[in-house]
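Reading the structure
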There are 2 protein chains.
Amino acid sequence: MRMKRDFTIGIDLGGTKMLVALLDGAFRIAGRVKVKTRVELGRARFLDSLFNSVRSLCKDSGIPVKRIAALGIGSPGIIDRTKGTVVFSPNIPFLTKFRLAQALAGELDVKVSIENDVNAGLYGEFRFGAAKGYQNIIGIFMGTGIGGALILNGRLFRGSSGAAGEIGHVFVQEGPVCGCGRTGCLEASAGRLAVASEAAAIAARQGAPQLFAMTGPDVAQIKSNVLRKAVEAGDGAVEDLIRRKARLVGCVMGSLVNLLNPDLFVLGGGMVEAMPKLIVKEAESAMRERAMPGLVRHVRVAESKLKDDAIILGAAALARDESARGESDG
Amino acid sequence: MRMKRDFTIGIDLGGTKMLVALLDGAFRIAGRVKVKTRVELGRARFLDSLFNSVRSLCKDSGIPVKRIAALGIGSPGIIDRTKGTVVFSPNIPFLTKFRLAQALAGELDVKVSIENDVNAGLYGEFRFGAAKGYQNIIGIFMGTGIGGALILNGRLFRGSSGAAGEIGHVFVQEGPVCGCGRTGCLEASAGRLAVASEAAAIAARQGAPQLFAMTGPDVAQIKSNVLRKAVEAGDGAVEDLIRRKARLVGCVMGSLVNLLNPDLFVLGGGMVEAMPKLIVKEAESAMRERAMPGLVRHVRVAESKLKDDAIILGAAALARDESARGESDG
């Protein structure tokens, strides 16, 4: 008797850790494992640890590897989906241009699809989370930088070379140099690192005593949760700073309403998870002031729902959905 | 014997004039007519003049009306394609929410499709002009205002309510109040009316003698060709002004490269037609400085080719293409 292939593997491939999950036919999580990405051990050991994670996950869940229909990976960087490679992998250098999909497909005998992690995360929200039922969706993820993704007419929109969705690199105002080398990018003015550097300056001039007590003016230590604690403890200057930054995000959202006529924004990432009400409210209010009234009226703004599961669920669903329709997706 | 239905009608429905063209099976123009849009005579007379234009065009070309397979209209405003109406028609008020497609289909017994005029124009360039062979195309049309349209994955992208592509209302810098009621829009800073108002101020303070001699500081008279003549006659301040405005357009183009990962921009409209080299060159140079290097490398910038024929050709092609694939286009 031929074994039914009804399970899927979803992998969130980060530079410091990997999340690997086994999903049943209804995309319920049957098991998951988190492993350190030991980049220093090189590619062969990295691949072994990936193969072993999948095999032991199946074993522990009592599911034969043969029941896996597809495996989806969400990875940072620009993805070449036809080649199954990461065009440039900043955190895991030995993956750059390596045929990762082919290696996994060969070893595990499954269909493999690789997708940009932000795209995969938004697709997860679209299939199972905050964006279910919407058709034109803009995802904005405020972590260290600001990532973005687009679902247009119910499909991930990838652009001409798989790099669409760089909302963090839309012009918003002249300001600090961005990680991309340009100035004026939203990310350079409103990403967590930008917020932290301004907060550090405020702390350095004694304008944020609670923050100063926690971290001093050390930008590297001023993470999203530290900012949240400073706001909760009464650092009004930090709260003002975060409101202003959220409004910059909202200004870009307003432009995107006029440009793409979406029905939903999904906001997520560490900054939003730490201070969801503050950031979503300010961003939405700035968006409504900026966009054309007739277009913005029906636009909704939601907080992401799936958190750490968004990428594994989205990558897995993409691997299933797109193998089902023959990857005609552009 | 059943008559072959191989001709198409394309209509460019402007507030002051209408262009009606008869196109053969290969979309060659078999005949065309230009009529004044006499809004003051009311809807019934307007419709009569439209019907008569189509009929006399067919008669003069020796083509029976029965050979028309489809009729496509390009109209300003937001279009509801399922209802076949213009949701809001600023220049021809009696068309607002009127079932224009149904009226035409009933009278002439053809399939009718209505599309926003800027969308139709870009589609014309995509099928027959400067954008042939590209898949992800951004059209920017600098007339009195700044219109825009998007072709993504080889299809017009219309957004959730048919209003996508408002590139003139992307935020670029704080500035004058825009026609849309907001501030900060590209159109408010770089549309022809914005350029004319700044040029008038320069002329008023005697900074542009050639322009002053032609029009004085009268904003309404400072059209694209007047600006071109002033530049050619040596008004350096006017040339600088136009360069700076083109660079603002280029700044937004850079953001759109990062956001949508396109392969082509098409620039058109009265301002571009009057000064194509100056504007295309400055806009492209600013775009390349603003966008992420890896994304912008393969992006091309072209001047529109079809000029006055873009909308009639695009509207006609849309009517044919989309009736052929059953309007599954979203």
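The structure presented is a predicted model; accordingly, all values stated were derived computationally and were not measured. (Residues numbered from 1 in each chain as written. Chains lettered and ligands numbered in written order. Predicted model: local features only at pLDDT ≥ 70, side-chain atom pairs only at ≥ 80, totals over all residues. Heavy atoms only, no water.)

As for helix H7 (residues 224–232) of chain B
Residue and element names in this part refer to chain B. Along H7, the positions that sit buried rather than exposed are Ser224, Val226, Leu227, Ala230 and Val231. Projection of H7 onto a plane perpendicular to its axis shows the buried side chains occupying an angular sector of 165°, all on one side. On its buried face, H7 is in contact with helix H5 (192–204), helix H6 (209–215), helix H8 (236–260) and helix H9 (270–274). (Buried < 20%, exposed > 50% of the residue type's maximum accessible area, 1.4 Å probe, protein only. Helix = DSSP H or I, 4+ residues; strand = E, 2+ residues; numbered from the N terminus. Arc of directions from axis to C-beta. Contact = heavy atoms within 4.5 Å.)

Thoughts on the packing of aromatic side chains
Residue and element names in this part refer to chain B. A full pass over the atoms with the stated rule returns six aromatic pairs over all chains. When the centroid spacing of 5.2 Å and the interplanar angle of 50° are considered together, the rings of phenylalanine 27 and phenylalanine 128 count as tilted. With phenylalanine 27 in the loop between strand S2 (17–23) and strand S3 (29–36) and phenylalanine 128 in helix H3 (residues 117–128), this residue pair connects regions lying 101 residues apart in the sequence. Taking relative accessible area as the criterion, phenylalanine 27 reaches 12% and is therefore assigned buried. Seen from their ring centres, tyrosine 123 and phenylalanine 126 are 5.6 Å apart, and the 55° between their planes marks the pair as tilted. With tyrosine 123 and phenylalanine 126 both in helix H3, this residue pair falls three residues apart, about one helical turn. Relative accessible area serves as the criterion here: at 3%, tyrosine 123 is assigned to the buried category. According to the relative accessible area criterion, phenylalanine 126 is buried, its value standing at 12%. (Phe/Tyr/Trp six-rings, centres within 6.5 Å; stacked < 30°, edge-to-face > 60°.)

Points about the interface of chain A and chain B
The interface is formed by 43 residues belonging to chain A together with 43 residues belonging to chain B. At the boundary of chain A with chain B, total buried surface from both sides reaches about 3,200 Å², with 56% on carbon and sulfur atoms. A per-residue breakdown of the area chain A buries against chain B is headed by Phe171(A), Arg182(A) and Leu259(A), which together make up 21% of the total. Applying the counting criterion to the chain A and chain B interface returns zero salt bridges. (Buried area = accessible area lost by both parts, 1.4 Å probe. Salt bridge = Lys/Arg side-chain N within 4 Å of Asp/Glu carboxyl O.)

Here we look at the nonpolar core
Membership of the largest hydrophobic core comes to 124 residues, with the highest contact counts inside it found for Ile140(A), Phe265(A), Ile140(B) and Phe265(B). Not counting chain neighbours up to four residues away, the residues in contact with Phe265(A) comprise Ile138(A), Ile140(A), Met253(A), Leu256(A), Val257(A), Met287(A), Val299(A), Arg300(A), Val301(A) and Ala302(A). (Core = buried A, V, L, I, M, F, W, Y, C linked by side-chain atoms within 4.5 Å.)

Brief notes about helix H7 (residues 224–232) of chain A
Of the surrounding elements, those touching the buried residues of H7(A) are helix H5 (192–204), helix H6 (209–215), helix H8 (236–260) and helix H9 (270–274) of chain A. At the exit of H7(A) stands Gly234(A), carrying a positive phi of roughly 110°.

What to know about a nonpolar patch on the surface
Where nonpolar side chains cluster on the molecular surface, the patch consists of Ile78(A), Val87(A) and Phe88(A) and spans about 250 Å² of accessible area. Residue position: Val87(A) is located in strand S6 (residues 85–88). (Patch = residues over 30% accessible without salt bridge, like charges linked within 9 Å, V, L, I, M, F, W, Y side chains within 5 Å. Areas by Shrake-Rupley, 256 points an atom, 1.4 Å probe, with all protein chains shown as cover.)

Considerations on the relation of the copies chain A and chain B
Its rotation angle being 180°, the transformation that places chain A on chain B also includes 0.0 Å of axial translation and leaves an RMSD of 0.0 Å. A rotation of that kind, with that shift, is consistent with a two-fold axis. (Least-squares fit on C-alpha atoms with pLDDT ≥ 70 in both.)

Remarks on the pattern of salt bridges
A complete count under the given rule lists 38 salt bridges over all chains for this structure. Of the charged contacts, one joins Glu322(A) and Arg158(A) as a salt bridge, the two residues approaching to 3.3 Å between their closest N and O atoms. Note that Glu322(A) is positioned in helix H12 (residues 310–324) and Arg158(A) in the loop between strand S10 (155–156) and helix H4 (186–190), a separation of 164 residues in sequence. Take Glu322(A): its relative accessible area is 1%, and that puts it in the buried class. In this structure Arg158(A) comes out as buried when scored by relative accessible area, which is 5%. A salt bridge links Arg28(B) to Asp24(B); its shortest N-O distance comes to 2.9 Å. By relative accessible area, Asp24(B) is classed as buried at 14%. In this structure, a network of salt bridges that share partners links the residues Glu239(A), Arg243(A), Arg247(A), Glu282(A) and Glu289(A).

Observations regarding the pairing of strand S4 (residues 68–75) of chain A
Residues and elements named next belong to chain A. By the criterion of burial, S4 is predominantly enclosed, with eight of the eight residues buried. Pairing of strand S1 (residues 7–13) with S4, which is carried by six bridges, proceeds in the parallel orientation. Looking at the pairing, threonine 8 lines up with alanine 70 of S4. As paired elements, S4 and strand S7 (residues 111–116) share six bridges and run parallel to each other. Looking at S7, one finds that glycine 74 is bridged to glutamate 115. (Pairing = 2+ DSSP bridges.)

Side note on the sheet that holds strand S4 (residues 68–75) of chain B
Residues and elements named next belong to chain B. Taken in spatial order, the five strands make up an open sheet running S3-S2-S1-S4-S7, and their pairing is mixed. The open sheet is flanked by S3 and strand S7 (111–116), the only strands paired with a single partner. Between one strand axis and the next, the sheet turns through 15° on average, direction left out of account. Taken strand by strand, helix H2 (residues 100–108) contacts strand S1 (7–13), S4 and S7, and its axis lies near 150° from that of S7. Relative to the sheet, helix H12 (residues 310–324) contacts S1, S2, S3, S4 and S7, its axis offset from that of S1 by approximately 130°. (Axes fitted to C-alpha atoms, helices over the stretch in contact; angles between N-to-C directions.)

Structural notes on the packing of H3(B) against H12(B)
Residues and elements named next belong to chain B. Closest axis-to-axis distance for the H3/H12 pair is 7 Å, and the angle between their directions is 80°. As far as their axial angle goes, H12 and H3 are roughly perpendicular. The segment H3 lies against H12, with Asp117, Ala120, Gly121, Tyr123, Gly124, Glu125, Arg127 and Phe128 engaging Ala310, Ile311, Leu313, Gly314, Ala315, Ala317, Leu318 and Asp321. For the contact of H3 with H12, the class distribution of residues is nine nonpolar, three polar and four charged. (Parallel < 35°, antiparallel > 145°, perpendicular 65-115°, else oblique. Nonpolar A, V, L, I, M, F, W, Y, C, P; charged D, E, K, R; others polar.)

A short note on the environment of Ala164(A)
Note that Ala164(A) resides in the loop between S10 and H4. When the C-alpha atoms of Ala164(A) and Asn119(A) are compared, they prove to be 9.4 Å apart, with 45 residues separating the residues in sequence. In this structure, Ala164(A) is in contact with Phe157(A), Arg158(A), Gly159(A), Asn258(B), Leu259(B), Leu260(B) and Asn261(B), ignoring residues within four places of it in sequence.

A few points about the pairing of S6(A)
Residue and element names in this part refer to chain A. Summarising the sheet, strand S5 (residues 78–80) and S6 pair through three bridges and their orientation is antiparallel. Paired with isoleucine 79 across the two strands is valine 86, which belongs to S6. Between S5 and S6, which pair antiparallel one after the other, the connecting turn spans four residues, and glycine 84 there sits at a positive phi close to 70°.

Points about the sheet that holds strand S8 (residues 137–142) of chain B
All names here are of chain B. Ordered in space as S10-S9-S8-S11-S12, the five strands form an open sheet in which the pairing is mixed. Because the sheet does not close on itself, it has two edges, and the strands there are strand S10 (155–156) and strand S12 (300–303). In terms of strand pairing, S8 meets strand S11 (residues 264–268) through five bridges, oriented parallel. In the strand pairing of S11, isoleucine 140 is matched with leucine 267.

Quick word on the side chain of Thr37(B)
All names here are of chain B. Within the secondary structure layout, threonine 37 lies in the loop between S3 and helix H1 (43–61). Residue threonine 37 is classed as buried on the basis of its relative accessible area, which comes to 8%. A distance of 2.9 Å separates a polar side-chain atom of threonine 37 from the backbone oxygen of glycine 14. Residues contacting threonine 37, with those up to four places away along its chain left out, are Gly14, Gly15, Thr16, Lys17, Met18, Phe46 and Ile92. (Polar contact = N/O pair within 3.5 Å; in protein donor to acceptor, adjacent residues only side chain to side chain.)

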